[in-house]
Amino acid sequence: MSEVKSAARYRPETRLVHSGTLRSQFGETSEALFLTQGFVYDSAEQCEARFKGEDPGYLYSRFSNPTVGMFERRMIELEGAEAARATATGMAAVTTAVLAPLKAGDHVVAAKALFGSCRYVVEDLLPRYGISSTLVDGLDLDQWKKAMRPNTKSCFLESPTNPTLDVLDISAIAEITHKGGARLIVDNVFATPIWQSPLSLGADVVVYSATKHIDGQGRCLGGVILSSEAFIAEHIHNFMRQTGPSMSPFNAWVLLKGLETLGVRVRAQTETAGKLADVLAKHPKISRLIYPGRADHPQAAVVKKQMGAGSTLIGFEVKGGKAGAFRCLNALKLSRISNNLGDAKSLVTHPATTTHQRLTPEARAELGISEGFIRYSAGLEHVDDLIDDFAQALDKV
Ligand SMILES: *Cc1c(COP(=O)(O)O)cnc(C)c1O
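Computed from a prediction, not measured in an experiment: that's the story for all the values here.

Attention now moves to the overall build of the protein chain. Broken down by element type, the protein chain carries 14 helices and 12 strands. On C-alpha atoms alone, the protein chain measures out to a radius of gyration of 22 Å, which is about the 21 Å that the 2.2 N^0.38 rule sets for 397 residues. In terms of its C-alpha atoms, the protein chain occupies a principal-axis envelope of roughly 75 × 50 × 35 Å. Here the analysis covers contacts within the protein chain between residues at least 6 apart in sequence; of these, 73% occur between residues at least 24 apart. Carbon and sulfur atoms form 53% of the exposed surface of the protein chain, whose accessible area is close to 16600 Å². Where the 44 positive side-chain charges of the protein chain centre and where its 43 negative ones centre are 3 Å apart.

This is how it looks when you write it as C-alpha cells:
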C-alpha cells in the first residue's frame, strides 16, 4: 500500500477525484474494493501491537477498512474537517452524532423542520433515555436563545429544511449554541457539500446521508459524520467500534465513485432546478413556490451569505389540495413518485402522505406542509423535457 493520497491543497473538484486514494502494489487506476471482514497478521507480536494501537494497521472492518478509509479521507478533505467516520446509513450518522456524546440529564435543542426520522430521534428516542429536547422554529433566533439551558449539550438543524426549503442562519445559530456552551450539529444533505460548508460557518459537526447526492444514482445507503479529531476520538470512535453502525466496504466503494462525479451532477441538477423553478413559479395552477436560488425566497439574504448556489430541490404547492397534487403526480411521466432525493432521475414526493405523515395535521401546518405541497428533486434529464412533462401534468390539475 502506498501512502494515502492527500489532495487537500487543490480545489474541491480535484479533491473529489483524488483525495484519499490508497493504491495497492498493483497500481490500479480505480480505487480497490477491499471486501474483507478481517485482516491477518505476520506474527502474534504484530497482532498484539495492532491491538495495543502501536502498529498502524487494520483490525476488523467494524472499526476500519481501507475502502471505507478512502471514502472517509475524501469526505474529510472535501469538507475541510479533521476527522470522519462513515456509517451504514444517513440515520446511523445522525443517531450516532446526536446520541453518542450525551447522557441522561442532558438537553438538546433542534429546529422542528427536520427529516422525519431525525425528528423521531430528537423528539421520541432521546427522551426515553432521559435526554430532554426542545423543538424550536429554526428561523426565529430568539426561540433558539430562549431554549438554551445550563444542561444543553447539542443543537441540531438541517438547512435548507425538508421539505419546505427554509434556509436557517447557520453562523448566527452557531454563535447562540457556543454562547450556551453547546455544540452545533448540522445535517447538510439538502445543501450538499458542493454548496454549503457548515464547519466554515461555525458548526462543530456535519452529518450526511450519503444515500442522496453522494451516491446520486440510487444504488446504496450510507452516511458520514465529520468533525474535529477531538470530537471523533472522544465521542464517536469508541461508540461506533462497540455498537457497530459501520459502513460496508462495498457501499464505501460505490460512494467513492459517486464522489468523483458529485460536483458535475450537483451543478447540472441545480441549474435544472433553477430553470424549472422559474417556469413553475409563473404557472397558474401553482399557488406557492420555494426555491433557494430565487430572489423571492423568504431568506434570500441568508442564502447569499452561506450557500454557493440554490439547491437541487424545489418545493411548490399545487392548487386543489391533495387531489390537485395527486393528479399532478400521477400525470408526470419523467419525474417519478418516490420518497428519495438527489438521484440522477427526477423524483417527486408528496410529504403530507409520506415523509411527514407521522406528524399531526397541526404540526404539518406549522411547518407549511399543506395537502397540495410537492417536493421535486432535479435529476440529470434535459431541462426542456422536464418542463414539457410538468406542463402536461399541470394541465390535468
Ligand atoms: C435521507 C435523509 C436522512 C436519512 O438518511 P438515510 O441514508 O436514508 O438513512 C437524514 N437527513 C436528511 C436531511 C435526509 O434527507
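Let us keep going from here.
Glancing now at the sheet that holds strand 8 (residues 286-290). Strand order in the open sheet formed by 5 strands is 8-9-12-11-10, with mixed pairing between adjacent strands. Edge strands, defined here as strands with exactly one partner in the open sheet, are strand 8 and strand 10 (336-337). Bridge count between strand 10 and strand 11 (residues 347-349): 2 bridges; the pairing is parallel. In the sheet register, R336 faces strand 11, and the bridge partner there is L347. Helix 10 (residues 249-281) contacts strand 8, strand 9 (313-318) and strand 12 (373-377) of the sheet and is inclined by roughly 15° relative to strand 9.

Let us now look at the packing of aromatic side chains. Throughout the structure, instances matching the rule amount to 5 aromatic pairs. Pairing Y60 with F63 gives two aromatic rings, centres 5.9 Å apart and planes at 70°, and the pair type is edge-to-face. For Y60, a relative accessible area of 38% gives the class partly exposed. Arranged with centres 5.4 Å apart and planes meeting at 80°, the rings of Y376 and F390 form a pair that is edge-to-face. Here the residue Y376 occupies a position in strand 12, and F390 occupies one in helix 14 (residues 383-395), the gap between them amounting to 14 residues. Each member of the pair Y376 and F390 is classed as buried. R241 extends its terminal NZ or CZ atom over the ring of F63, reaching a point 4.0 Å from the ring centre.

Looking now at the domain arrangement of the protein chain. According to the domain assignment, the protein chain contains domain 1 (18-260) and domain 2 (263-394). Between the C-alpha centres of domain 1 and domain 2 the distance comes to 27 Å. Here domain 1 and domain 2 share an interface that buries about 3100 Å² over both sides, 58% of which is from carbon and sulfur atoms. Three residues, L165, W195 and H213, lead the burial of domain 1 against domain 2; their summed loss comes to 25% of the area buried on that side. Counting across the domain 1 and domain 2 interface gives 16 residue pairs in polar contact (both at pLDDT 80 or more). Counting residues per element, the side of domain 1 that touches domain 2 draws most heavily on helix 5 (residues 116-128), which supplies 5 residues. A breakdown of the residues in the side of domain 1 that touches domain 2 according to their chemical character gives 17 nonpolar, 12 polar and 8 charged.

Next up on the list: the environment of E158. Relative to the assigned elements, E158 resides in strand 4 (residues 152-158). C-alpha separation for the pair E158 and F190, spaced 32 residues apart in sequence, amounts to 7.8 Å. Dropping the residues within four chain positions of it, E158 is found in contact with A113, L114, F115, C118, L168 and D187.

Neighbouring the ligand are 13 residues; G90, D187, S209, T211 and K212 lie closest to it. Within the side chain of T211, a nitrogen or oxygen atom sits 2.6 Å from an oxygen atom of the ligand. Isolated, the ligand exposes 380 Å² of accessible area, and the fraction of that covered by the protein chains is 91%. Each residue belonging to the shell around the ligand can be placed in one class, and the counts come to 5 nonpolar, 5 polar and 3 charged.

A few words now on unusual backbone geometry. That bond from S159 to P160 is cis: its omega, -10°, falls within 30 degrees of zero. Position of P160 relative to the elements: it lies in the loop between strand 4 and helix 7 (170-179). Residue P163 is reached from N162 by a cis peptide bond, and omega for that bond is -5°. Following the sequence through the fold, P163 ends up in the loop between strand 4 and helix 7. In this structure, L165 is a non-glycine residue whose phi angle is positive, near 55°. Locating L165 in the fold gives a position in the loop between strand 4 and helix 7. The phi torsion at T192 lies on the positive side, around 70°, for a residue other than glycine. On the basis of relative accessibility, which here comes to 1%, the residue T192 falls in the buried class.

What counts, and where the lines are drawn
- Residues numbered from 1 in each chain as written.
- Predicted model: local features only at pLDDT ≥ 70, side-chain atom pairs only at ≥ 80, totals over all residues.
- Heavy atoms only, no water.
- Helix = DSSP H or I, 4+ residues; strand = E, 2+ residues; numbered from the N terminus.
- Rg over C-alpha atoms; globule rule 2.2 N^0.38 Å.
- Contact = heavy atoms within 4.5 Å.
- Areas by Shrake-Rupley, 256 points an atom, 1.4 Å probe, with all protein chains shown as cover.
- Lys, Arg positive; Asp, Glu negative; His and termini not counted.
- Charge placed at Lys NZ, Arg CZ, Asp CG, Glu CD.
- Pairing = 2+ DSSP bridges.
- Axes fitted to C-alpha atoms, helices over the stretch in contact; angles between N-to-C directions.
- Phe/Tyr/Trp six-rings, centres within 6.5 Å; stacked < 30°, edge-to-face > 60°.
- Buried < 20%, exposed > 50% of the residue type's maximum accessible area, 1.4 Å probe, protein only.
- Lys NZ or Arg CZ within 6 Å of the ring centre and 35° of its normal.
- Domains from an automatic or database assignment.
- Buried area = accessible area lost by both parts, 1.4 Å probe.
- Polar contact = N/O pair within 3.5 Å; in protein donor to acceptor, adjacent residues only side chain to side chain.
- Nonpolar A, V, L, I, M, F, W, Y, C, P; charged D, E, K, R; others polar.
- Near = heavy atom within 4 Å.

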